[in-house]
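This is what each chain is made of:
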Amino acid sequence: MIPIRKKKHSVYSSQHRHIPMTKTDYVKKGSKWVPIHTESELVSREQAGWILGNAGLPFERSHRLEKRDRYGHSHPYDTFSSISPDGKSKTKWSVDFAAGERNFSKLVRKSYYDRQRYKKKKGK
């Protein structure tokens, strides 16, 4: 089996993954939503835009866009939730833009210092 290489993107690219996203699945028990599965991953600004777009998912009963972290970022929404057609399960995607900005600034600093170190080494 040949390993698949991931393409490296610049830190400044909209395809660079540095924004944490959490996907949580819920099941309805009585009148409450009970979480059954949670997974987290890093997404890019481009993927966050797709997740938080105005278009809903196919075959869904309803969906909702919310802004949970009111003062943490300047984006209009940070949470997308979708309820299945039968009303028994729900999935919620939460994007943490504040942590993404912290990760981005850390990567920018690291990139700058790496370039300076390379220039210094090359000059010797």
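Here, the structure is the one placed above.
Since this is a predicted model, take the numbers as computed values, not measurements. (Residues numbered from 1 in each chain as written. Predicted model: local features only at pLDDT ≥ 70, side-chain atom pairs only at ≥ 80, totals over all residues. Heavy atoms only, no water.)

Caption draft 1: Focus on helix H2 (residues 97-123). Over its 27 residues, H2 extends 39 Å from the first C-alpha to the last, a length consistent with the 39 Å expected when each residue adds 1.5 Å. When H2 is considered as a whole, its buried residues turn out to be Phe-97, Ala-98, Ala-99, Gly-100 and Ser-111. Looking at the buried residues of H2, the elements they touch are strand E1 (19-29), helix H1 (45-51) and strand E5 (89-95). (Helix = DSSP H or I, 4+ residues; strand = E, 2+ residues; numbered from the N terminus. Expected span 1.5 Å × (residues − 1). Buried < 20%, exposed > 50% of the residue type's maximum accessible area, 1.4 Å probe, protein only. Contact = heavy atoms within 4.5 Å.)

Caption draft 2: A look at the environment of Gly-49. In this structure, Gly-49 sits in helix H1. Classification of Gly-49 by relative accessible area gives partly exposed; the value is 44%. The spatial distance from the C-alpha of Gly-49 to the C-alpha of Tyr-77 is 9.7 Å, given a sequence separation of 28 residues.

Caption draft 3: Expanded view of the sheet that holds strand E2 (residues 32-43). Taken in spatial order, the five strands line up as E2-E1-E5-E4-E3 in an open sheet, and their pairing is antiparallel. At either margin of the open sheet sits one strand with a lone partner, and together these are E2 and strand E3 (62-66). Direction aside, neighbouring strands of the sheet carry axes that sit 15° apart on average. Pairing of strand E4 (residues 79-83) with E5, which is carried by five bridges, proceeds in the antiparallel orientation. Each residue of the ladder has a partner; that of Ser-81, found in E5, is Lys-92. The strands touched by H2 are E1 and E5; relative to E1, the strand with the most contacts, the crossing angle is about 155°. (Pairing = 2+ DSSP bridges. Axes fitted to C-alpha atoms, helices over the stretch in contact; angles between N-to-C directions.)

Caption draft 4: Focus on the packing of aromatic side chains. Under the defined criterion, the tally for this structure stands at two aromatic pairs. Between the aromatic rings of Phe-80 and Trp-93, the centroid separation amounts to 5.6 Å while the plane-to-plane angle is 40°, which identifies the pairing as tilted. Residue Phe-80 is located in strand E4, and its partner Trp-93 is located in strand E5; the two are separated by 13 residues in the primary sequence. On the accessibility criterion, Phe-80 (3% relative accessible area) is buried. Judged by its relative accessible area of 16%, Trp-93 falls in the buried class. Consider the rings of Tyr-112 and Tyr-113, whose centres lie 5.5 Å apart with planes at 65°: the pair is edge-to-face. Tyr-112 gets classed as partly exposed once you look at its relative accessible area, which sits at 41%. In this arrangement the basic side chain of Arg-45 is found over the ring face of Phe-104, its NZ or CZ atom lying 5.8 Å from the centre. (Phe/Tyr/Trp six-rings, centres within 6.5 Å; stacked < 30°, edge-to-face > 60°. Lys NZ or Arg CZ within 6 Å of the ring centre and 35° of its normal.)

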